[in-house]
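Below, each chain spelled out in residue letters.
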Amino acid sequence: MMEVPTGSHIRRWRKSLEITQTKLSDMSGVAQSIIAKIENEVVDPRASTLRKIVEALARFENPDLLHTVQDIMTTDVAALRYEDTIQVAIDRMVKDGISQLPVLSVDGSIIGIISEDSLLQKGANRNGVVGQVMHTNPAVVDIGLSVAEARRRLTEVDALLVVDSGLLVGLVSRMDLVRALRLNSIA
């Protein structure tokens, strides 16, 4: 869990990196006026706002480190629909070397995940539908989740579905973490 920085800590950190409030606003997506109020401790910011500022400063300070799941996720995520056949899932997994596929509703929301495990346990009838064999409670995480927390979560599940404002934007598997360990240093 991240220690919550004070406004004065953020101001000192920003100044030590020689970044203006305007530049920090551009990097974080947080309005400059809000950054000024946070630094002067006039407002009590939401955790999501603080996270955006801290991540922007951390990325600026250590651009070569991987900080969040956004830095390591697979963004070209194949997905299935509830009514797709199990044969379609098997073919896609084998052809693309994928071990898990999210299952999306018609409106694009996540309703499950199908994995090698769910196919081996329940997928004997290849003409059945994906919805019958999918796991209905996939691990869904926000795009800002730290790599360290993702590593902890991936000891319990095979994959994390990454969302931004509720929409699926990526997937992090154990292999993505292993690749990140090989290629870069992880925050």
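Treat the numbers as computed from the prediction; the structure is a model and nothing was measured. (Residues numbered from 1 in each chain as written. Predicted model: local features only at pLDDT ≥ 70, side-chain atom pairs only at ≥ 80, totals over all residues. Heavy atoms only, no water.)

1. Concerning the packing of helix H2 (residues 21-28) against helix H3 (residues 32-39)
Then comes step 1: At a minimum axis separation of 8 Å, H2 and H3 run at an interaxial angle of 115°. Here H3 runs roughly perpendicular to H2, going by the angle between their axes. Crossing angle aside, the handedness with which H2 passes H3 is right-handed. Residue-level contacts link Gln21, Thr22, Leu24, Ser25 and Ser28 of H2 to Gln32, Ile35, Ala36 and Glu39 of H3.
Then comes step 2: Its residues assigned to classes, the contact of H2 with H3 comprises three nonpolar, five polar and one charged. (Axes fitted to C-alpha atoms, helices over the stretch in contact; angles between N-to-C directions. Helix = DSSP H or I, 4+ residues; strand = E, 2+ residues; numbered from the N terminus. Parallel < 35°, antiparallel > 145°, perpendicular 65-115°, else oblique. Left-handed = near helix turned anticlockwise from the far one by under 90°. Contact = heavy atoms within 4.5 Å. Nonpolar A, V, L, I, M, F, W, Y, C, P; charged D, E, K, R; others polar.)

2. Re the environment of Glu18
Then comes step 1: Looking at the element boundaries, Glu18 is found in the loop between helix H1 (7-16) and H2.
Then comes step 2: Taking the relative accessible area as the measure of exposure, Glu18 reaches 74% and is therefore exposed.
Then comes step 3: When the C-alpha atoms of Glu18 and Ile53 are compared, they prove to be 15 Å apart, with 35 residues separating the residues in sequence. (Buried < 20%, exposed > 50% of the residue type's maximum accessible area, 1.4 Å probe, protein only.)

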